[in-house]
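Reading the structure
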Amino acid sequence: MKKHKIKNYPHYINPYFGGLLLGILIIITVYITGRGLGASGAVKSAVVTSVDVVSSSHAEESAFYSKFISDDHSPMYNWLVFESFGIFIGGLLSGAIFGRIKKFRVEHSPKITSKTRLIGAAVGGILFGFGSQFGRGCTSGAALSGTATFSFGGMIVMFGIFGTGYAVAYFFRKLWI
Amino acid sequence: MGPLIPNGILTGNWDFVIALLLGIAFGFVLEASGFSSSRNLAGVFYGYNFVVLRVFFTAVIVAMVGLLYFDYFGWLEMDKIFILPTYLTPMITGSVIMGFGFIIGGFCPGTSYTAIAIGKLDALVFTGGLFLGIFLFSEAFPLFQDFYYSGDMGSPTITDMLGISAQWIAFAFVVIALAAFWITWVIEKRVRKNITPYKF
């Protein structure tokens, strides 16, 4: 298949250039804030806030939620929440510049239905959310920023995520190829 | 002098403005590199698209080497930066669960935010799943509280654990990354011959 046969061929930046920019961004982030980037922490703040709003006593009694509740401000008043909101805006900007913002759609392999893809996305999201708590962070916070700052735990999470991905990819191939 | 905020050089309410700006840059690079597509991301596991490996490894080696230079020039006090703690068994378990989440869901948290931004409903559902997953974890927390805190090793660096200096670790990562770039370039060319290109 030649490239010119593909319509809507997306104009992505060179991946090594993207990696260079991301690496520089990590250096700047560490230089300014003393720590790296993250993503799953924002969803955790949203969970804690929601539970706190619905049942404040339940949140205060829980050994987990109570770690993130403080009297002077909402759990949403958190560095990672603002940063993750930034991730969304950054995606919006890039999508707008490169013309990738389109009407709402479900992207999936032609061999599966939209429904299958959405079930996969939901199950995958639940697992990722659950696992990120044991992992002390996700691909951004633990694997990428952790490894880049020479954290042993970060490197373990990096190998764990990608190693597992490769180990079980065969069983889920019908979702993708 | 750095890190600026922990050292009190930047203070006050700039924290959240900085968080927003750094987030915007992060989201922009992710989306511009193609991480807003689950099929691009999953490609790394099937050999038809190694964009994840290229971006991820380049970022890691640039950041590692860059931070060492910042340390060497005295711009950054490395002992003041946050080192992610290590809880060995729970972190291995968590990363295995996340590996399943990645291959089934096709996104990781950060990439799903950028995919929502360009209109991917599967990313929206994935993020809903994240919320539910963290909620389930939090509710069930008393069941595995002991396990969650087990294997506590403090915050060791790779150097602390392996006894190899940070310079050599960064060098090893660079060599492995360059080898991986070359090998995956060969694999990708072969796999793509037998696969129909996909539209977006």
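Definitions and limits used
Residues numbered from 1 in each chain as written. Chains lettered and ligands numbered in written order. Predicted model: local features only at pLDDT ≥ 70, side-chain atom pairs only at ≥ 80, totals over all residues. Heavy atoms only, no water. Helix = DSSP H or I, 4+ residues; strand = E, 2+ residues; numbered from the N terminus. Contact = heavy atoms within 4.5 Å. Areas by Shrake-Rupley, 256 points an atom, 1.4 Å probe, with all protein chains shown as cover. Lys, Arg positive; Asp, Glu negative; His and termini not counted. Charge placed at Lys NZ, Arg CZ, Asp CG, Glu CD. Expected span 1.5 Å × (residues − 1). Buried < 20%, exposed > 50% of the residue type's maximum accessible area, 1.4 Å probe, protein only. pLDDT = per-residue confidence, 0-100. Patch = residues over 30% accessible without salt bridge, like charges linked within 9 Å, V, L, I, M, F, W, Y side chains within 5 Å. Salt bridge = Lys/Arg side-chain N within 4 Å of Asp/Glu carboxyl O. Domains from an automatic or database assignment. Buried area = accessible area lost by both parts, 1.4 Å probe. Polar contact = N/O pair within 3.5 Å; in protein donor to acceptor, adjacent residues only side chain to side chain. Nonpolar A, V, L, I, M, F, W, Y, C, P; charged D, E, K, R; others polar. Axes fitted to C-alpha atoms, helices over the stretch in contact; angles between N-to-C directions. Parallel < 35°, antiparallel > 145°, perpendicular 65-115°, else oblique. Left-handed = near helix turned anticlockwise from the far one by under 90°. Phe/Tyr/Trp six-rings, centres within 6.5 Å; stacked < 30°, edge-to-face > 60°. Lys NZ or Arg CZ within 6 Å of the ring centre and 35° of its normal.

Moving on, we get to the overall build of chain B. Helices and strands together make up the secondary structure of chain B, namely nine helices and zero strands. When the helices and strands of chain B are read in sequence order from the N terminus, they spell out α-α-α-α-α-α-α-α-α. Each of the three principal axes of chain B carries a C-alpha extent, and together these read 50 × 45 × 35 Å. Intrachain contacts of chain B at a sequence separation of at least 6 include 66% that bridge at least 24 residues. With the model as given, the accessible surface of chain B reaches about 8,500 Å², and the carbon-plus-sulfur share is 70%. Side chains of chain B give 9 positive and 11 negative charges; the mean places of these two sets differ by 26 Å.

Here we come to helix 6 (residues 121-140) of chain B. The terminal C-alpha atoms of helix 6 of chain B lie 28 Å apart, and with 20 residues this matches the ideal 28 Å at 1.5 Å per residue to within 8%. Of all the residues in helix 6 of chain B, the buried ones are Asp122(B), Ala123(B), Phe126(B), Thr127(B), Gly129(B), Leu130(B), Gly133(B), Ile134(B), Phe137(B), Ser138(B) and Ala140(B). On its buried face, helix 6 of chain B is in contact with helix 2 (40-54) and helix 5 (114-134) of chain A together with helix 2 (38-46), helix 4 (88-105), helix 5 (109-117) and helix 7 (145-148) of chain B.

Here chain A averages 93 in pLDDT, and 95% of its residues register 70 or above. Per-residue pLDDT stays below 50 along residues 1-6 of chain A; that stretch engages in five contacts with residues further than four places along the chain or on separate chains.

Residue and element names in this part refer to chain B. On the surface, Met153, Met161, Leu162, Ile164, Trp168, Phe171 and Val175 cluster together to form a nonpolar patch covering roughly 670 Å² of accessible area. Mapped by element, the contributors of at least two residues to the nonpolar patch are helix 8 (158-162) and helix 9 (166-193). The element best represented in the nonpolar patch is helix 9, accounting for three residues. Following the sequence through the fold, Val175 ends up in helix 9.

Here we take up the confidence of the model for chain B. For chain B, the average pLDDT comes to 94, and 98% of its residues sit at 70 or higher. The least confident element of chain B is helix 9 of chain B, whose mean pLDDT is 95; the most confident is helix 4 of chain B, at 98.

Residues and elements named next belong to chain B. Partitioning chain B into structural domains gives domain 1 (12-46 + 84-155) and domain 2 (49-80 + 157-200). Each of domain 1 and domain 2 has a C-alpha centre, and these two points are 20 Å apart. Across the interface of domain 1 and domain 2, roughly 1,000 Å² is buried in total on both sides, 67% from carbon and sulfur atoms. If you look at where domain 1 meets domain 2, you find zero salt bridges. Inspection of the domain 1/domain 2 interface yields two residue pairs in polar contact (both at pLDDT 80 or more). In terms of residue class, the side of domain 1 that touches domain 2 is made up of five nonpolar, five polar and one charged.

A few words now on the packing of helix 5 of chain B against helix 6 of chain B. Residue and element names in this part refer to chain B. Where helix 5 meets helix 6, the axes come as close as 8 Å, and the angle between the chain directions of the two elements is 140°. Judged on the interaxial angle alone, helix 6 and helix 5 are oblique. You can see that helix 5 and helix 6 cross each other, and the crossing is left-handed. In this structure, helix 5 contributes Pro109, Ser112, Tyr113, Ala115 and Ile116 to the contact, and helix 6 contributes Ala123, Leu124, Phe126, Thr127 and Leu130. Considering only residue class, the contact of helix 5 with helix 6 consists of eight nonpolar, two polar and no charged.

Right, let's talk about the environment of Lys111(A) for a bit. Topologically, Lys111(A) is positioned in the loop between helix 4 (79-97) and helix 5. In sequence terms Lys111(A) and Val48(A) are 63 residues apart; their C-alpha atoms lie 38 Å from each other.

Bringing the pattern of salt bridges into the picture now. Residue and element names in this part refer to chain B. Applying the stated rule across the entire model yields five salt bridges over all chains. Of the charged contacts in the structure, one is a salt bridge between Arg54 and Glu188, with a shortest N-O distance of 3.3 Å. Here Arg54 is found in helix 3 (residues 51-72), whereas its partner Glu188 is found in helix 9, with 134 residues between them in sequence. Residue classification places Arg54 among the buried residues on the basis of a relative accessible area of 7%. Taking relative accessible area as the criterion, Glu188 reaches 8% and is therefore assigned buried.

Next up on the list: the packing of helix 1 (residues 15-33) of chain A against helix 1 (residues 14-32) of chain B. Helix-helix packing is characterised by the crossing angle of the two axes and by the distance between the axes. Across the interface, helix 1 of chain A lies against helix 1 of chain B with an axial gap of 10 Å and an inter-helix angle of 165°. It follows from the interaxial angle that helix 1 of chain A and helix 1 of chain B lie roughly antiparallel. Two packed elements cross with a definite hand, and for helix 1 of chain A against helix 1 of chain B that hand is left-handed. Touching Gly18(A), Leu21(A), Leu22(A), Leu25(A), Ile28(A), Thr29(A), Ile32(A) and Thr33(A) of helix 1 of chain A are Ile18(B), Leu22(B), Ala25(B), Phe26(B) and Val29(B), all from helix 1 of chain B. Partitioning the contact of helix 1 of chain A with helix 1 of chain B into residue classes produces 10 nonpolar, three polar and no charged.

Here the focus is the packing of aromatic side chains. One pass over the structure, following the stated rule, counts 38 aromatic pairs over all chains. Residues Phe98(A) and Phe28(B) carry aromatic rings whose centres are separated by 6.4 Å and whose planes lie at 50° to one another, so their mutual orientation is tilted. Of this pair, Phe98(A) sits in the loop between helix 4 and helix 5 while Phe28(B) sits in helix 1, placing the two residues on different chains. Judged by its relative accessible area of 27%, Phe98(A) falls in the partly exposed class. Ring centres of Phe141(B) and Tyr148(B) lie 5.2 Å apart, and the angle between their planes is 80°; this geometry places the pair in the edge-to-face category. Of the two residues, Phe141(B) and Tyr148(B), both sit in the buried class. An aromatic cluster is built from Phe64(A), Phe68(A), Phe130(A), Phe134(A), Phe137(B), Phe141(B), Phe144(B), Phe147(B), Tyr148(B) and Tyr149(B), whose rings are joined through pairwise contacts. Lying over the aromatic face of Tyr87(B), Arg136(A) brings its terminal NZ or CZ to 3.8 Å of the ring centre. In this structure, Arg173(A) is placed above the aromatic ring of Tyr170(A), and the distance from its NZ or CZ to the ring centre is 4.1 Å.

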